[in-house]
Amino acid sequence: PHATVRDWDLRYYFDPRSDNDSSACKMPIPDTVLVNGPVAKSALTKSGYPQDKLVEVEALRYLHLNKKIENKIKSSSFDTERNQILVLGDYLMENTVLQMKILQRATSFLDIPPKYLVKPHPNYPVASEDYPDLDMTVTNEPIHTLFDYCSIAYTNNVTSAAVDAYCAGKIVLSVFDPKKLNLSPLRGFDGIYFVSTAEELAVFLNKRDILKPVSGQGLDYFYLDPNLPKWGKLLIEESL
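Residues numbered from 1 in each chain as written. Predicted model: local features only at pLDDT ≥ 70, side-chain atom pairs only at ≥ 80, totals over all residues. Heavy atoms only, no water.

1. Let's talk about the pattern of salt bridges
Convention followed: Salt bridges, as used here, are contacts in which a Lys or Arg side-chain nitrogen is within 4 Å of a carboxyl oxygen on Asp or Glu. Relative accessible area decides the class of each residue, using a 1.4 Å probe on protein chains only: under 20% of the type maximum gives buried, over 50% gives exposed, and in between gives partly exposed.
Taken as a whole and judged by the stated rule, the model has 9 salt bridges. For Arg6, the salt bridge goes to Asp9, with nearest N and O atoms at 3.1 Å. Neither Arg6 nor Asp9 differs from the other in exposure class; each is buried. Arg11 is paired through a salt bridge with Asp9; the nearest N and O atoms lie 2.6 Å apart. Residue class for Arg11 comes out exposed when judged on its relative accessible area of 60%. The exposure class assigned to Asp9 is buried, which follows from its relative accessible area of 8%. Each member of the salt-bridge network shares a partner with another, and the members are Arg6, Asp9 and Arg11.

2. Comments concerning helix H1 (residues 38-46)
For clarity, the cut-off: To qualify as a helix, a DSSP run of H or I must reach at least 4 residues; to qualify as a strand, a run of E must reach at least 2; elements of each kind are numbered from the N terminus. Each C-beta atom gives one direction from the helix axis, and the arc is the one those directions make. The contact criterion used throughout is that any non-hydrogen atoms of two residues lie within 4.5 Å.
All of the buried residues in H1 are Val39, Ala40, Ala43 and Leu44. Projected down its long axis, H1 shows its buried positions confined to an angular sector of 125 degrees, all on one face. If you follow the buried residues of H1, they end up packed against strand S1 (33-35) and strand S2 (54-56). Positioned one or two residues after H1, Gly48 has a phi angle of 100 degrees, which is positive.

From the geometry alone we can't say anything about function, so treat these as descriptive.
Below you can see the structure in the form of structure tokens.
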């Protein structure tokens, strides 16, 4: 799993008895599962996955998190005011539409409406004209370059992009549908705020100046050594 292992993502979990099944029709399971951080390893271990089949490797997708995210806002083609929020869309239309509608409804409850920098998922584009009440700029720049322009990220509760923001030391506001399971890869973590209504979102946006990330936030989510010693050990052993 190259991104995250979420609690309710049942693709990653099996009945522990499957590992000891000797029948002719047993479920095919891998000899080895590579885990890219302590969080993924803990999730699979708690589910009963055999620890001798778990091998630690660096999170290749997230090595950009080694770059120090500066606290100051850099000059760019985007608005450089701190009164700006990064909006990260999802690959599912229904999730992104819910997220954007709640954001638009929240505008009427805000003391000072912020500016929004919207990064949609390639699978579901977002058009600014669909949300006329929002002062928003849509961008397709890489996500890690956008963190320099915002201190708060607004996501839905499914996307793994929330983890990028969390590990980059950003405040994360996450929308979830209360009629569904909370599929967030950050469920149970400090420093993330879940909302399901426009009124709840507005409460946090109205006090965004005092929201602070948790000290050391995200430092132990992934294995991020850029020298890739874990991958090196694995590949060398496999080649012998």
